[in-house]
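# Fold and geometry: a report
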Amino acid sequence: MEATRQERVERRRNRISRRREGTEGGFDYSLLLLTFVMLGFGMLMIYSSSSYTAQVKNDDSTYFLKRQAINVLVGTIGLLIASKFNYKYFIKPLPLLRVKLVNLIYIVCVSLQIIVLLQGGGLNGANRWLRVGFLSFQPSELTKVGIIIITAYYLYEMPRKFSTTKALIRIFVPVILPLGLVAYQDLSSAIVIFIISYGMCFLEVKNKVPLIIFALIMVFLAYLYVFHIGSSFRADRIEIWKNPEGHPKGLQIVHGLYAIASGGLFGSGLGESMQKLGFLPEPYNDMIFSVICEELGLVGAGVVIVMFILLCWRIYRIATRCTDLFPALICTGVMIHIASQAIINIAVVTNTIPSTGIPLPFISYGGSSVIFLMMEIGIVLGISANTDASGGKIERT
């Protein structure tokens, strides 16, 4: 009996030691907790920033809060389902269709973007939504998830050194089609998709020269699209960015900067924002970070940034514990997606870069964004539960 008790104590010490070293596998509850803390904070700030607008327009101060609660509920269901899904099924042929699930996801993403184009809107209308009965969502958000899985799969299939231009072309040719379709509707989402795919490749490859050349080509094409091919409103955003006070459409940026400046160190207090009272258009969407700064100050803004850092760090820890390359690449893609959107959103709110319309992950109001982001977190949680997290060398299975 004493020996058995001693063995249990020893096993418990070993588990504690492995957890401290970061080599203990299993479901990552820290990531789950961080995700829902950020969602809860987001709902609090959505109510604070939208209550005035909701009362004026809908005669219900909780209108946007209730809608976001439904979005979070749907996203939670998606997260739970995704967390139970074994990542290995992405690259296994489906029994009846004889096609790998990753390829089917690619076909679905491209098909949905084509349907969005055909249903109307196009370039000038900037139609980004797919409507099915009373439901509507943005296929570009699903495409971001698809691009993570697709890029991870193609990188997984490439030679380890990945040093030739031919290998680069083999990866980016499949990505170019959905990227182009999204860019035709929503250049901002296309930029995020490109950052996701490019960032995953950049971290994996050894020879960076072809990637740097490719990035320069894409920047040049983006320049042509914004200033010479696409709609003039994209060029207007550059003018607004350079001179927001002198531009008639620069009021959103100006009032966002007023909100940040008036918040000071500790803010005016939760619910006490002045810029949300009709000065800042839709403050619960892309500009919600400015309301956070006004009401909670630089301290509150710093806490939000720290939460994003912790969230990305937990995803990074899961990636480093993977002994299989494919799930490690998926985790990397999710981390890049969340980090890039957070950085872009904060940069836009502070007028560091031109306006893009990218929401702040988990915090801004919006159904498609929060639902598919939660599904990505679910996939990462599933990887943390299913992968061999012994901390060994990554292998190709």
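Anything mentioned here points back to the structure above.
Everything numeric here is computed off the predicted structure, so don't read it as measured data.

Reading guide: rules and limits
- Residues numbered from 1 in each chain as written.
- Predicted model: local features only at pLDDT ≥ 70, side-chain atom pairs only at ≥ 80, totals over all residues.
- Heavy atoms only, no water.
- Axes fitted to C-alpha atoms, helices over the stretch in contact; angles between N-to-C directions.
- Helix = DSSP H or I, 4+ residues; strand = E, 2+ residues; numbered from the N terminus.
- Parallel < 35°, antiparallel > 145°, perpendicular 65-115°, else oblique.
- Left-handed = near helix turned anticlockwise from the far one by under 90°.
- Contact = heavy atoms within 4.5 Å.
- Nonpolar A, V, L, I, M, F, W, Y, C, P; charged D, E, K, R; others polar.
- 1 Å grid on protein atoms, 1.4 Å probe; cavity = no way out; pocket = protein on both sides within 12 Å on 5 of 7 lines; lining within 4 Å.
- Points joined across faces, edges and corners; volume = space filled by probe spheres on them.
- Expected span 1.5 Å × (residues − 1).
- Buried < 20%, exposed > 50% of the residue type's maximum accessible area, 1.4 Å probe, protein only.
- Phe/Tyr/Trp six-rings, centres within 6.5 Å; stacked < 30°, edge-to-face > 60°.
- Lys NZ or Arg CZ within 6 Å of the ring centre and 35° of its normal.

Remark: helix α4 (residues 101-118) packs on helix α6 (residues 139-157), axes separated minimally by 9 Å, with the N-to-C direction vectors making an angle of 150 degrees. In terms of their interaxial angle, α4 and α6 are classed as roughly antiparallel. Relative to α6, the crossing made by α4 is left-handed. Of the residues in α6, those touching α4 at Val102, Asn103, Ile105, Tyr106, Val108, Cys109, Leu112, Gln113 and Val116 are Pro139, Ser140, Leu142, Thr143, Gly146, Ile149, Ile150, Tyr153 and Tyr154. Broken down by class, the residue content of the contact of α4 with α6 amounts to 13 nonpolar, five polar and no charged.

Attention now goes to the layout of surface pockets. Of the voids in this model, the largest pocket is the one considered here, and its volume is about 1400 Å³. Considering the residues around the largest pocket, the lining is formed by 45 residues, among which Trp129, Gln138, Asn285, Tyr365 and Gly366 are closest to the centre. Elements represented by at least two residues in the lining of the largest pocket include exactly α3 (63-83), β2 (135-137), α6, α10 (232-242), α11 (251-263), α13 (325-349) and α14 (367-386). Residues that form the lining of the largest pocket fall into these classes: 21 nonpolar, 14 polar and 10 charged. What the second largest pocket holds in volume is close to 880 Å³. Residue lining of the second largest pocket: 32 residues in total, with Leu187, Ile191, Ala222, Tyr223 and Val226 positioned closest to the centre. The set of elements that each furnish at least two residues to the lining of the second largest pocket consists of α7 (165-185), α8 (187-204), α9 (209-229) and α10. Of the residues forming the lining of the second largest pocket, the biggest block, 11 residues, is contributed by α9. In terms of residue class, the lining of the second largest pocket is made up of 23 nonpolar, five polar and four charged.

One water molecule sets the probe size; rolling that probe over the atoms shows where empty space is left. The final tally for this structure, using the stated rule, is two cavities of 30 Å³ or more. In this model, the second largest cavity occupies a volume close to 30 Å³. In terms of lining residues, the second largest cavity is bounded by Val145, Ile148, Ile149, Ile330, Val334, Glu376 and Ile379. For the lining of the second largest cavity, the leading source of residues is α6, giving three residues. Grouping the amino acids of the lining of the second largest cavity by side-chain chemistry returns six nonpolar, no polar and one charged.

Our focus in this paragraph is α13. Note that an α-helix has 3.6 residues per turn; residues three or four places apart therefore point the same way. Along its 25 residues, α13 runs 36 Å from first to last C-alpha, staying within 8% of the 36 Å computed at 1.5 Å per residue. In terms of residue burial, α13 counts as a mostly covered element, since 23 of its 25 residues are buried. Where α13 terminates, the next one or two residues include asparagine 351, which has phi positive at roughly 60 degrees.

Within the secondary structure layout, tryptophan 129 lies in the loop between α5 (122-125) and β1 (130-132). The spatial distance from the C-alpha of tryptophan 129 to the C-alpha of serine 140 is 8.7 Å, given a sequence separation of 11 residues. Setting aside its immediate chain neighbours within four residues, tryptophan 129 contacts Val116, Gln119, Ser136, Phe137, Gln138 and Ser368.

Glancing now at the packing of aromatic side chains. Here the structure, examined in full by the defined rule, presents 12 aromatic pairs. Between tyrosine 63 and phenylalanine 64 the ring centres are 5.1 Å apart and the planes differ by 85 degrees, which places this aromatic pair in the edge-to-face class. By relative accessible area, which is 9% here, phenylalanine 64 ends up buried. Taking the centre distance of 6.1 Å and the plane angle of 35 degrees together, the rings of phenylalanine 194 and phenylalanine 214 count as tilted. Placement of phenylalanine 194 in helix α8 and of phenylalanine 214 in helix α9 is noted, with a sequence separation of 20 residues between them. On the basis of relative accessibility, which here comes to 15%, the residue phenylalanine 214 falls in the buried class. Members of the aromatic cluster, each reached through a chain of ring pairs, are Tyr63, Phe64, Tyr284 and Tyr365. Looking at lysine 92, its charged tip hangs above the ring of tyrosine 89, at a distance of 5.2 Å from the centre.

Now for unusual backbone geometry. The phi torsion at aspartate 59 lies on the positive side, around 55 degrees, for a residue other than glycine. One can find aspartate 59 in the loop between α2 (29-58) and α3. Taking relative accessible area as the criterion, aspartate 59 reaches 62% and is therefore assigned exposed. Here asparagine 351, not a glycine, exhibits a phi torsion of approximately 60 degrees, which is positive.

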